[in-house]
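# Residue-level structural notes
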Protein chains: 2
Amino acid sequence: MIRLAFPMLLIALCCGGAPARADTLVDNIQGITIDADGDIETFTGLVIDDDGQIKDVLDRRDKRPREIDFQVDGEGRFVIPGIIDSHLHVMGIGLAALTLDLSDTASLEEAQAKIAEYAAANPERRWIVGRGWNQEKWGLGRFPTAAELDAVVADRPVWLERVDGHAGWANSAAMRLGNVDEATPDPSGGRIVRAAGTRQPSGVFIDAASELIASHLPALRPEDRDLAFQKAQEILLRNGITAVADMGTTIEDWQSYRRAGDAGWLKIRIMAYAAGTGAMELIGGPGPTPWLYDDKLRLNGVKLYLDGALGSRGAWLKQSYADDPGNTGLPLLTGSQLRNLMSRAALDKFQVAVHAIGDAANAEVLGAIEELAPTYPGDRRWRIEHGQVVDPADISRFARHGVIASMQPVHQTSDRQMAEQRLGPARLEGAYAWRSIAEAGAPLVFGSDAPVESPDPFAGLAAAFTRRDAQGQPFGGWRPAEAVSRERALAAFTSSGAHAGFAEGRFGRLVEGERADFVIIDRDPLLSTPEDLRGTKVIETWVGGQRFVQRDMPSGND
Amino acid sequence: MIRLAFPMLLIALCCGGAPARADTLVDNIQGITIDADGDIETFTGLVIDDDGQIKDVLDRRDKRPREIDFQVDGEGRFVIPGIIDSHLHVMGIGLAALTLDLSDTASLEEAQAKIAEYAAANPERRWIVGRGWNQEKWGLGRFPTAAELDAVVADRPVWLERVDGHAGWANSAAMRLGNVDEATPDPSGGRIVRAAGTRQPSGVFIDAASELIASHLPALRPEDRDLAFQKAQEILLRNGITAVADMGTTIEDWQSYRRAGDAGWLKIRIMAYAAGTGAMELIGGPGPTPWLYDDKLRLNGVKLYLDGALGSRGAWLKQSYADDPGNTGLPLLTGSQLRNLMSRAALDKFQVAVHAIGDAANAEVLGAIEELAPTYPGDRRWRIEHGQVVDPADISRFARHGVIASMQPVHQTSDRQMAEQRLGPARLEGAYAWRSIAEAGAPLVFGSDAPVESPDPFAGLAAAFTRRDAQGQPFGGWRPAEAVSRERALAAFTSSGAHAGFAEGRFGRLVEGERADFVIIDRDPLLSTPEDLRGTKVIETWVGGQRFVQRDMPSGND
């Protein structure tokens, strides 16, 4: 980067006041972006300079610049800012794409068939590794067992992560490698599911208990990581996502991102949140990194976990689970551990993002922020990730310190029935309460939590303003009062996401001076029906004025 | 770095064939460099372009270019290529400069006084940490003891590394923290020195045993590392060193170097050799990194340790020490461990540099290279670091596979008397045998091993062609047949050092197209007497066409 001084000098010396060349004009489009007040603004043309920054935003009446080197005819198509997904796991997306994916299985039998087929197709793999199962979706009413895995793969260890990443399913070969048996105690912060009435591990391991098996998985090679990252970038760009908050970046992940940046194949923008304070210090050192590779990569701060997930009953609730009396889930950190970790990060100006799903967990993080805020003043942008179940009495506390609520619309549509069982009717008041939290004045940002859910942002947008799933269920929407407007949903997936990652002014809006990150789509995001919007086709995805995705459709005279 | 494409484009677009601006002319100098055949070549002027590359090398008769933006009058001073130190420890240099330095103490009493003074001056430090002691230089004839440290500092733990880094000296407070007592066994690869006739640890811990204490040192903060790195750069540039081989780079070191590169304060060129294969994989991933920051940083490969040092009798000898019958020192790795680590690195094209000091260690590494070379063909540039004591029968084996002998001239002058005691007359034949190894046809490169020795390259050059120390001792030089010519010494400190780090063509020689790394000095490196050469003053140090050091002397009309 230190070389940049010279070329800048050159521009001054060589080009004087002459109009800069190599400008690109994207014209004849129906463009929308979010303005400073969070309202929709429209335009019909974009001028992009050599550095991939927006030089001018044109209205129908505006004169088009004369000196243009490259012109794209949008043919009247719709243009929106590049989508910013404020909560996903970049490497997880890539690795999921490279391993067995059970997220589309509708029953245990279907999953077993898919596992058997995959094992047969990959005889060379020492382990069968995969993810995405969901016993709720299977209507199983219980966790699957090791025996049910042994029935299809007995010759090799099998390890399959639950869709939410908070539980894992092992076969007997894997449990043998982990030396797990009736004598094995539950580790702190985790639980070994046991066969009814016995101490015999049944094959599913929750939260910290997963390590008993996962620690025996063959280590990933750097080549595997780079391949996974490449795959993740493809998937994200194809979905119109140009920037992400990577929740739980390890030093190995970071090194892959840097290799991509150094070699010139870093395409998406990554706002990284380190996997714990150790990784945070190793990656960032004395503080957040600078923006690297033309605003493509920055370590913003740290991701901490206070509890687990609802599906596996790992979320920490104030009252016990409606469908499991006496079990309130568990905090993964004590109150002082949480405060110490948050202080350690805040001390060096790292941004703090805490995973909190249960109402007890959300209250605990809010309390910690209230205690720490006076000690660490200034623009901190504390984040709560998920904020899924919040005691209505706590909702106003988000706004008080400008705590960012980082939420995932599609979780609501997937979890709906499970959440009703886990929480019972009384607690649904503050569940997935997007609108109440936003109305209370807290910054609201949206993401997908991919690979837990599909990264498709149009499904997220549709869910956000309808509270209905892909099948349009339930009629009228689930607790529809918590739906948000299309404008607010779009802001939560673009400009607000940039602000939540200290990137405002760099990207997130299609205005002069910001990076030219945008998506050309085939239908109107403001007027299409929800069902129609879910079918949106991404025709082109541009990041920093470079086109990375181009669907095989006519798209201009270039 | 991916942004560079644009500016390049600009040059083409804006400037057409016009002469590039912002050229620098360094004129009226007596310049020397090494040519392709390793001979001296002279010149009187250098033209440097915007990118800091040498555009033209001028002779007295050559026309000077008309369009020059910046001119430096060398006033007839001498210019040599920037010195490349092929073996040192960058962070070690910086940290040594920030902690207690005992390398200048001539007696135990003097050291004790300095330690007491330092402890009194730094009451806030929880530990007193330092390095540089040498019981040989003190004429102690034995290792110092914990009691001798307790006598000056008893209130806090004290940990002092020996000058060669292969032993540490602790006081009783430090040994208590390490839970070390007569019951503690020697760890593998290390030795606890014990009071005569007892099992009571006397206070000195050799090689792997050092960890018993060192593992309790307070962890360095990233700020400390960055400060140390800044300090190290200053010291190196002040000595005329513009590029180094960093032997034993940790991920924390690497992150400091990258922070400097990202923030624009990386000044020296670092060819990094990772501290073991774990750090190698974490830093480099699937292979060596690209050259980063305009050839300022690259991970070349891995540094492995096969044995310790002569001073602490950790060097691995074929026959036992002349002054310690029955003790042959010890290998830190078994033969198969060494081969496995070398294979792991070579498999992914990482360069392998192995520390070998004793004749047994050198023979073992040469044997491993001979076995592995057919499996890993191509341009590998295997390196042996130090190669201090080589069985004359093994010398020709260096050349056979082009094994680079990375040696440190000043070690010979410092170790001379100690080496005679350790080895006895018979084994001196192959000790510090620079000339024999080079004449046998092996690439010879020089370094300082700083902070073990001063990084001053002029002391190294003088020692290289005289085999005499700063006091001119011994008269006529120690085993003077092993002295090398001034030309070969200069090559070993410049062009050969670049080749040993895969940097030939990038830097190391003052020829068209290479980086403008050079040093302006106040006397003639080819004609000055050795005593005079040791007094050389570095007036200016330039890296990549940028001047980083400028002595307070008249130096041109700029």
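Note that the structure is predicted; figures quoted are calculated from it, not measured.

All right, on to the overall build of chain A then. Broken down by element type, chain A carries 18 helices and 24 strands. Relative to the 2.2 N^0.38 estimate, which gives 24 Å for 558 residues, the radius of gyration of chain A is 24 Å and therefore close to what a compact globule would have. In terms of principal-axis extent, the alpha carbons of chain A reach across some 80 × 55 × 50 Å. Sorting the 558 residues of chain A into buried and exposed places 59% on the buried side.

All names here are of chain A. In space, the eight strands of this open sheet follow the order S8-S15-S16-S17-S18-S19-S20-S21, with parallel pairing throughout. Of all strands in the sheet, those bounded by a partner on one side alone are strand S8 (83–88) and strand S21 (444–446). Sheet twist, expressed as the average angle between the axes of neighbouring strands with direction ignored, equals 25 degrees. Relative to strand S18 (residues 351–356), strand S17 (residues 297–305) is paired through five bridges, and the arrangement is parallel. Pairing of valine 302 across the sheet is with valine 352, part of S18.

This part takes up the domain arrangement of chain A. By a widely used convention, the size of an interface equals the accessible area lost when the partners come together. All names here are of chain A. Partitioning chain A into domains gives domain 1 (90–215) and domain 2 (222–542). Of all residues in domain 1, Val90, Met91 and Ile93 bury the most surface against domain 2, accounting for 36% of the area lost on that side. Linking domain 1 with domain 2 are one salt bridge. Among the salt bridges present, the one from arginine 422 reaches glutamate 136, with a minimum N-O distance of 2.9 Å. Counting across the domain 1 and domain 2 interface gives three residue pairs in polar contact (both at pLDDT 80 or more). Every element with two or more residues in the side of domain 1 that touches domain 2 is listed here: helix H2 (90–98) and strand S14 (201–207). At nine residues, H2 tops the list of elements feeding residues into the side of domain 1 that touches domain 2. Classifying every residue of the side of domain 1 that touches domain 2 gives eleven nonpolar, five polar and six charged.

Let's shift gears to the packing of helix H7 (residues 222–238) of chain A against helix H8 (residues 251–263) of chain A. Residue and element names in this part refer to chain A. Closest axis-to-axis distance for the H7/H8 pair is 10 Å, and the angle between their directions is 65 degrees. By the angle between their directions, the pair H7 and H8 is classed as roughly perpendicular. Pair H7 / H8 crosses with right-handed handedness. Together, Pro222, Arg225, Asp226 and Phe229 of H7 and Glu252, Asp253, Ser256, Tyr257, Arg259 and Ala260 of H8 make up the contact between the two elements. Class assignment for the residues of the contact of H7 with H8 results in four nonpolar, one polar and five charged.

What follows covers the nonpolar core. With 202 residues, the main nonpolar core has Phe229, Leu310, Met342 and Phe446 of chain A together with Leu310, Met342 and Phe446 of chain B as its most contacted residues. In terms of residues, this core owes the most to one element, helix H11 (residues 359–372) of chain A, which gives seven residues. If we ignore the near neighbours within four places in the chain, the residues touching methionine 342 of chain A are Leu304, Val352, Val354, Ala368, Ile369, Leu372 and Trp382 of chain A.

Parameters and conventions
Residues numbered from 1 in each chain as written. Chains lettered and ligands numbered in written order. Predicted model: local features only at pLDDT ≥ 70, side-chain atom pairs only at ≥ 80, totals over all residues. Heavy atoms only, no water. Helix = DSSP H or I, 4+ residues; strand = E, 2+ residues; numbered from the N terminus. Rg over C-alpha atoms; globule rule 2.2 N^0.38 Å. Buried < 20%, exposed > 50% of the residue type's maximum accessible area, 1.4 Å probe, protein only. Pairing = 2+ DSSP bridges. Axes fitted to C-alpha atoms, helices over the stretch in contact; angles between N-to-C directions. Domains from an automatic or database assignment. Buried area = accessible area lost by both parts, 1.4 Å probe. Salt bridge = Lys/Arg side-chain N within 4 Å of Asp/Glu carboxyl O. Polar contact = N/O pair within 3.5 Å; in protein donor to acceptor, adjacent residues only side chain to side chain. Nonpolar A, V, L, I, M, F, W, Y, C, P; charged D, E, K, R; others polar. Parallel < 35°, antiparallel > 145°, perpendicular 65-115°, else oblique. Left-handed = near helix turned anticlockwise from the far one by under 90°. Contact = heavy atoms within 4.5 Å. Core = buried A, V, L, I, M, F, W, Y, C linked by side-chain atoms within 4.5 Å.

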